[in-house]
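So the chains spell out like this:
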Amino acid sequence: MSTAWDTLITGATVFDGSGSPPRREDIAISGGKIAARGIQLPASQAAEVIDASGQWLMPGLLDIHTHLDLEVDLEPALPEVVRHGTTTVLFGNCSLGNCFGKQLEGEQNPIVDCFTRVENIPKKVLAKSVEAVTWDNTGDYLDHFGNIPLGPNVAAFVPHSMLRVEVMGLQASVTREPTEAELGEMERLLEQALQQGYLGLSTDGLPFHYLANAPNTDKRIPTQFATFKEMKRLLAVVRKYDRVWQTTPIIENRLKAFGYFALTSGRLFGKTLKTSALSVMEFVLAPKASNAFLGFARLMNSRLFKGDIHFQALGTNFRVWSDGIVSPLYEELDSTCELIALEYDDLEGRRALLNDADWVARFRADWHHGRRGRNWAHLKAKLGMPDNLVIRDLQRMVFDGAPVPDWDGQTLQAVFERLQRYQRGAAGEARSDAERAAFDSFPLRAEDDADFMLGLLRQYDRNFRYWIDVSNDGNRATLDFLLHPQAMPGFNDSGAHITNMAFYDSNLMSLKLAQRQGEGTVAAIVHRLTREPAAFFGLDVGTIEPGAQADITLVDPEKLAGWDTNDTREFIYRDLFEHQQMVNRPQGVVPLVLINGQVVWRDGDFGAALGSTALGRALRAA
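Residues numbered from 1 in each chain as written. Predicted model: local features only at pLDDT ≥ 70, side-chain atom pairs only at ≥ 80, totals over all residues. Heavy atoms only, no water.

(A) How the structure looks around the packing of aromatic side chains. Overall, the coordinates contain 26 aromatic pairs when judged by the stated rule. Ring centres 4.6 Å apart and planes at 15 degrees place the aromatic pair Phe258 and Phe296 in the stacked group. Taken together, the residues span a long stretch of sequence, with Phe258 in helix 9 (residues 254-261) and Phe296 in helix 11 (residues 289-300) at a distance of 38 residues. On the basis of relative accessibility, which here comes to 12%, the residue Phe296 falls in the buried class. A network of ring pairs unites the aromatic residues Phe399, Trp407, Tyr422, Phe439, Tyr460, Phe464 and Tyr466 as a single cluster. Directly above the ring of Phe536 sits Lys274, whose terminal nitrogen or CZ lies 5.4 Å from the centroid. Above the plane of the ring of Tyr344 lies Arg462, whose end atom (NZ or CZ) is 4.0 Å from the centre. (Phe/Tyr/Trp six-rings, centres within 6.5 Å; stacked < 30°, edge-to-face > 60°. Helix = DSSP H or I, 4+ residues; strand = E, 2+ residues; numbered from the N terminus. Buried < 20%, exposed > 50% of the residue type's maximum accessible area, 1.4 Å probe, protein only. Lys NZ or Arg CZ within 6 Å of the ring centre and 35° of its normal.)

(B) Expanded view of the pairing of strand 7 (residues 86-91). Buried residues dominate strand 7, accounting for six of its six residues. Here strand 7 pairs with strand 8 (residues 153-156) via four bridges, running parallel. Following the sheet pairing, Thr88 is matched in strand 8 by Asn153. (Pairing = 2+ DSSP bridges.)

(C) Here's a closer look at the pattern of salt bridges. Applying the stated criterion across every chain yields a total of 39 salt bridges. If you follow the salt bridges from partner to partner, you end up with Asp16, Arg23, Glu25, Arg37, Arg531 and Glu545 in one network. (Salt bridge = Lys/Arg side-chain N within 4 Å of Asp/Glu carboxyl O.)

(D) Geometry of the pairing of strand 3 (residues 33-38). As judged from the five bridges shared by strand 2 (residues 23-30) and strand 3, these two strands associate in the antiparallel manner. Across the sheet, Asp26 pairs through a bridge with Gly38, a residue of strand 3. The hairpin formed by strand 2 and strand 3 contains two residues between the paired strands, and Gly31 there has a positive phi angle of roughly 60 degrees.

(E) Representation of the nonpolar core within the structure. Of all hydrophobic cores here, the largest spans 62 residues; its most connected members are Phe91, Tyr141, Phe145, Leu163, Leu190 and Tyr198. Tallying contributions element by element places helix 7 (residues 180-196) first for this core, with six residues. In contact with Tyr198, not counting residues within four places along its chain, are Cys99, Thr138, Tyr141, Leu142, Ala156, Phe157, Val158, Ala193, Arg243 and Ala621. With 53 residues, the next largest nonpolar core counts Phe416, Leu444, Phe452 and Phe464 among its residues. (Core = buried A, V, L, I, M, F, W, Y, C linked by side-chain atoms within 4.5 Å. Contact = heavy atoms within 4.5 Å.)

(F) Structural context of the sheet that holds strand 10 (residues 200-202). Reading across from one edge, 9-10-11-12-13-17 is the order of the six strands in this open sheet, with parallel pairing throughout. Pairing within the sheet leaves two strands with one partner each, and these edge strands are strand 9 (158-159) and strand 17 (487-489). Lying over the sheet, helix 11 contacts strand 12 (274-280), strand 13 (308-313) and strand 17, oriented at roughly 165 degrees with respect to strand 12. (Axes fitted to C-alpha atoms, helices over the stretch in contact; angles between N-to-C directions.)

(G) Focus on the side chain of His209. Tracing the sequence through the fold places His209 in the loop between strand 10 and helix 8 (228-240). One polar contact links His209 to Asp204, side chain to side chain, over a distance of 2.9 Å. Not counting the four nearest positions on each side in its chain, His209 is found in contact with Val118, Asp204, Arg220, Ile221 and Gln224. (Polar contact = N/O pair within 3.5 Å; in protein donor to acceptor, adjacent residues only side chain to side chain.)

(H) Region of interest: the sheet that holds strand 8. What the three strands build is an open sheet, ordered 6-7-8; its pairing is parallel. Both edges of this open sheet fall to strand 6 (61-63) and strand 8, since each of them pairs with a single strand only. With strand direction ignored, the average angle separating the axes of adjacent strands in the sheet is 20 degrees.

(I) Quick look at the packing of helix 16 (residues 412-423) against helix 17 (residues 433-440). Contact pair helix 16 / helix 17: the axes reach a minimum separation of 10 Å and the direction vectors enclose 70 degrees. The orientation of helix 16 relative to helix 17 falls into the category roughly perpendicular. Crossing geometry of helix 16 relative to helix 17 is assigned as right-handed. Here Val415, Arg418, Leu419 and Tyr422 of helix 16 lie close against helix 17, whose contacting residues are Glu435, Arg436, Phe439 and Asp440. (Parallel < 35°, antiparallel > 145°, perpendicular 65-115°, else oblique. Left-handed = near helix turned anticlockwise from the far one by under 90°.)

(J) Local environment of the side chain of Arg239. The residue Arg239 is located in helix 8 in this model. At 9.2 Å, Asp242 is the nearest oppositely charged side chain to Arg239, a buried residue that forms no salt bridge. A polar atom in the side chain of Arg239 sits 2.8 Å from the backbone oxygen of Leu263. When residues no more than four places from it in sequence are discounted, the contact partners of Arg239 are Leu263, Thr264, Ser265, Phe269, Lys271, Thr272 and Leu273. (Lys, Arg positive; Asp, Glu negative; His and termini not counted.)

(K) Fine view of the packing of helix 16 against helix 18 (residues 449-460). The interhelical angle for the contact between helix 16 and helix 18, taken along N-to-C directions, is 95 degrees, at an axis separation of 11 Å. The angle between the axes of helix 16 and helix 18 places the two elements in the roughly perpendicular class. Where helix 16 approaches helix 18, its residues Leu412, Val415, Phe416 and Leu419 are matched on the opposing element by Asp449, Phe452, Met453 and Leu456. Tallied by class, the residues present in the contact of helix 16 with helix 18 amount to seven nonpolar, no polar and one charged. (Nonpolar A, V, L, I, M, F, W, Y, C, P; charged D, E, K, R; others polar.)

(L) Geometry of the environment of Phe115. Position of Phe115 relative to the elements: it lies in helix 2 (residues 110-118). For the pair formed by Phe115 and Phe399, sequence separation is 284 residues and the distance between their alpha carbons is 27 Å. Sequence-distant contacts of Phe115, that is, excluding residues within four places in its chain, are made with His67, Leu70, Leu96, Gly97, Asn120, Ile121 and Leu126.

In structure tokens, the structure reads:
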């Protein structure tokens, strides 16, 4: 007997992405598309019936801020994304990407140079990504996705740093302004890419984003050398096509940052520029800082300025791991930035710096800046307006992969205090032979916390691991930011910082936080993770209306309520990269994911179609 539908999902509580209250209904799928929605659809018409009673059903979720463009050609299935119910990811953020190809020129390797320190991805991992590149222009880049077995759908920004490199060459892009002819060529290439379906232009203004290769390890990435004139001209092209500017703030100068953000204004510049900026969260050291950005966005989006800007909100606690000094956190301090600028395996180079008296003096000054004394920097820090957001409070740092087993799970402050007492003659402070040996071999007398950190670095280099919650500690304000009308869930950085972060779970955490307030709030968050971003970026996903591509996620609300994201973060060896990676793998929270009507994740296992056939597609904004 012939059937009308390939699959029928029955009995689910359906959140359709519109923001409307959920209702119990059935979803029929045929030929990779939603065929019908309704109550008690006839099971006899389906080749397969999936009972989803007690489950939440929603459109596949969007991740609007990733760096998975480096991974997708090595493993097109993107399994760490799919298992979380995310079915569409956006590439090319923060001015970085590979849509222009390898861009190799002599000894210069711009992809490795730009990504290594900005996204904390080891050079040997990046080298594998560069080797996989087979295109040399933006058109072929989007087209090549049709020839690989994509898991999720993908969409891309034109990355400004790489656009400058393409036109000017790497060295010129960080040493001089473009000529008029070069700026015109950038405009031409950008316009061509937008006609091909790119989302818009991504730029970056964060002061701790440096190049990784000599002779430019003291220089920031190319986008940061652009003048306001260059930005205004390129963004006029984005404005013309009603696409999106993705950017980060110039945090060194808040007035300058607001001046650039004002480019969103249709009143000032003739036509509204859609803008997606990083980021709002409750920073530990500056808990109210995000309010200024949200207040500015409210002003820009008013009828007075006719703007359209939102700030991306992270849906989970911002937990960052550090391997010694190898961490995105420490790029913010000049002294530790010098250490990070050295090659990953340059142990002797780091030891030389760690024992250089001048460097040690600079390190101590950086470590204590804003934390002690009667001075302006300390007063600003107390008022929640610190010069640096890097946390240097040992009480907030927790060992997780310590050289001494007794230390795992303890704060660095607790170990530091025992060491101090031991060094003053209290031999009983050592809790084990291993700790006694570590205390006996500690390379200096720890008079303060700067000495303790310096001693750990000298003794263990990058072979001690610890985490810090930099923001959203306890997720007290996270849901408020996720729901704020001037914000949008994002800034997950999925695929970046592979040893430091694991934010693949951010969409699920957003749902978990919403669940605590009831199904009405869940409906609002589902809207913010599906239809709302799809509409903002001009993408035909995020819906389960008949005729739409059948990208569907089921969530088990009972498992979601009992899940703690901090319990499912793992540090694993991944054969794909031949390197360790932070991942997050909730158990049972997402029982089923379909992309293009095909099962890609079911009850803890990947579907046979994932990685063997093309499921997702390269989305083109229009």
